[in-house]
Each structure stands twice: as C-alpha cells, then as structure tokens.
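Examination of the molecular architecture
Residue strings, one per chain:
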Amino acid sequence: MTTVVLVDGDNISPEMIELFERERASFFDNITHREVIMNNMTRKSGKWPPLYRVTCVPASKNATDLEMTVRGMELSDGAAWLVVCSADADFMPLVRGAKRTGCRVAVCSAGGVTSLTLMGSADLYINLESIPVIHPPSNMRTLEKRAGADELGSAVIRLSGVEKRIHKKYHENPEKTV
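Quick look at the structure, then. None of the values given here were measured: they were computed from a predicted structure. Note that residues are indexed from 1 along each chain, following the sequence as it is written. Given that the model is predicted, a residue must reach a pLDDT of at least 70 before its local features are reported, and side-chain atom pairs must reach 80 or more before they are shown or counted; all residues, however, enter totals for whole chains, interfaces and linings. Water and hydrogen atoms were dropped before computing side-chain values, which therefore reflect all heavy atoms in the structure.

Considerations on the packing of aromatic side chains
Classification of ring pairs uses Phe, Tyr and Trp, with its six-membered ring standing for Trp, and accepts pairs whose centres are within 6.5 Å; under 30 degrees between planes counts as stacked, over 60 as edge-to-face, and the remaining range as tilted. For the coordinates displayed, the defined rule picks out 4 aromatic pairs. Measuring from ring centre to ring centre gives 5.3 Å for F28 and W81, while their planes differ by 75°; the resulting arrangement is edge-to-face. One end of the pair, F28, is in the loop between α1 (14-23) and β2 (31-39); the other, W81, is in strand β4 (residues 81-85), and 53 residues separate them in sequence. Here's how the labels work: a residue is buried when its accessible area is under 20% of the maximum for its type, exposed when over 50%, partly exposed in between, all with a 1.4 Å probe on protein chains only. According to the relative accessible area criterion, F28 is buried, its value standing at 5%. One aromatic cluster in this structure is built from F20, F27, F28 and W81. In this description a helix means any DSSP run of H or I spanning at least four residues, a strand means any run of E spanning at least two, and both kinds are numbered starting from the N terminus.

Points about the pairing of β2
Looking down a regular strand, the side chains alternate between one sheet face and the other. Buried residues dominate β2, accounting for 8 of its 9 residues. Looking at chain direction, strand β1 (residues 3-8) and β2 are connected through 6 bridges and run parallel. Note that in β2 the partner of L6 across the bridge is E35. When the strands point away from the viewer and the connection leading from the first strand across the helix to the second strand turns clockwise, the crossover is called right-handed. With α1 bridging β1 and the parallel β2, this β-α-β connection has right-handed handedness. Pairing between strands is defined by DSSP: at least two bridges between them are needed. When β2 meets strand β3 (residues 53-57), the two strands line up parallel, connected through 5 bridges. Within the sheet, the bridge partner assigned to N39 lies in β3 and is V57.

What follows is the structure in structure tokens.
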C-alpha cells in the first residue's frame with residue numbers, strides 16, 4: 001500500500017515539512033507521492049525538500065484549496081494513507097472523500113492554529129510543534145466547547161496521554177478553529 005503527502009504551501013512552511021520528514025515520515029509506509037501546492041503569489045520563503053514536487057496555482061480565492069482537494073481525491077484512491085499538511089478547515093471535503101474510498105487520513109500541522117474540526121476528523125493528527133503523534137478522540141467537539149468555556153483563557157485537554165494546550169486566542173477567531 002502507498003502513502004500520499006500533500007502540503008498546503010500557503011499555510012505550511014518548508015521548515016515544518018523538513019521537520020515532518022526528519023521526525024515523522026518514517027511512520028508511513030511507502031510514500032510514493034509528495035507534493036506542495038501553493039498560490040504563485042504567496043509563495044513561502046525557503047527551499048522545499050527535494051523529494052517534493054512543487055505546484056503553483058494562479059492567484060485567486062481558494063485556488064490552492066481547490067487544487068489540493070482535487071489532487072488529493074485523485075491520488076488517495078487506492079492509497080493506504082493520505083497525509084494532509086495544513087491547518088485549514090477547508091480541507092474537510094478532502095478528508096471525508098478520502099475516507100470514503102477507504103484511505104486513512106493524517107493531518108499534519110502546527111497545533112495552535114489548526115482547525116479542531118479538521119484534527120478531529122482525521123484518523124491521526126501530527127502536531128509539528130510538539131512532535132508526538134496524537135490520535136484525536138471521537139468527542140473532539142465536546143472537548144473544544146469545554147476548552148472555549150474555560151474562564152482562565154486556556155485549557156489542557158488530555159489526548160491519548162499527551163497534553164494539548166488550547167489557548168483563548170484561538171476561540172476568539174471562530175473561523176480559524178471551526
């Protein structure tokens with residue numbers, strides 16, 4: 001079985017992908033496709049790892065998201081894993097579609113800005129800020145609501161024995177977390 005890695009180059013830096021390759025890529029068997037998709041006007045500075053194909057799309061609203069979703073659906077059919085490197089909840093249709101084909105989905109990003117909905121829908125979540133692999137619980141929405149209600153502005157949620165801090169600032173911008 002194969003693994004496909006797709007990177008939202010508008011939201012994930014080359015350094016984060018280097019970290020993924022160094023620390024977590026070995027978790028997945030037989031990575032056959034690695035691709036960075038980004039808007040040609042918002043290209044992240046830095047050099048992408050040489051294993052990654054870089055695809056630039058024209059600058060328009062959600063062009064990167066649309067291209068990455070289409071590529072993901074094409075490539076995930078028959079794959080064992082689809083690794084979506086993004087924090088953006090706009091990839092929910094890709095996650096749902098890939099899972100319908102029998103592909104398992106991992107979301108890989110920097111935890112503090114990642115959509116809790118996206119994290120909760122994945123089979124596996126990899127937080128590149130803290131490096132441990134986290135399996136999201138099925139009741140992520142309930143945990144998110146409890147965290148948002150915390151009067152101190154933050155809450156610590158225990159996920160499979162790993163503590164994850166959710167800060168108040170991520171609940172002040174609901175479009176970033178839902």
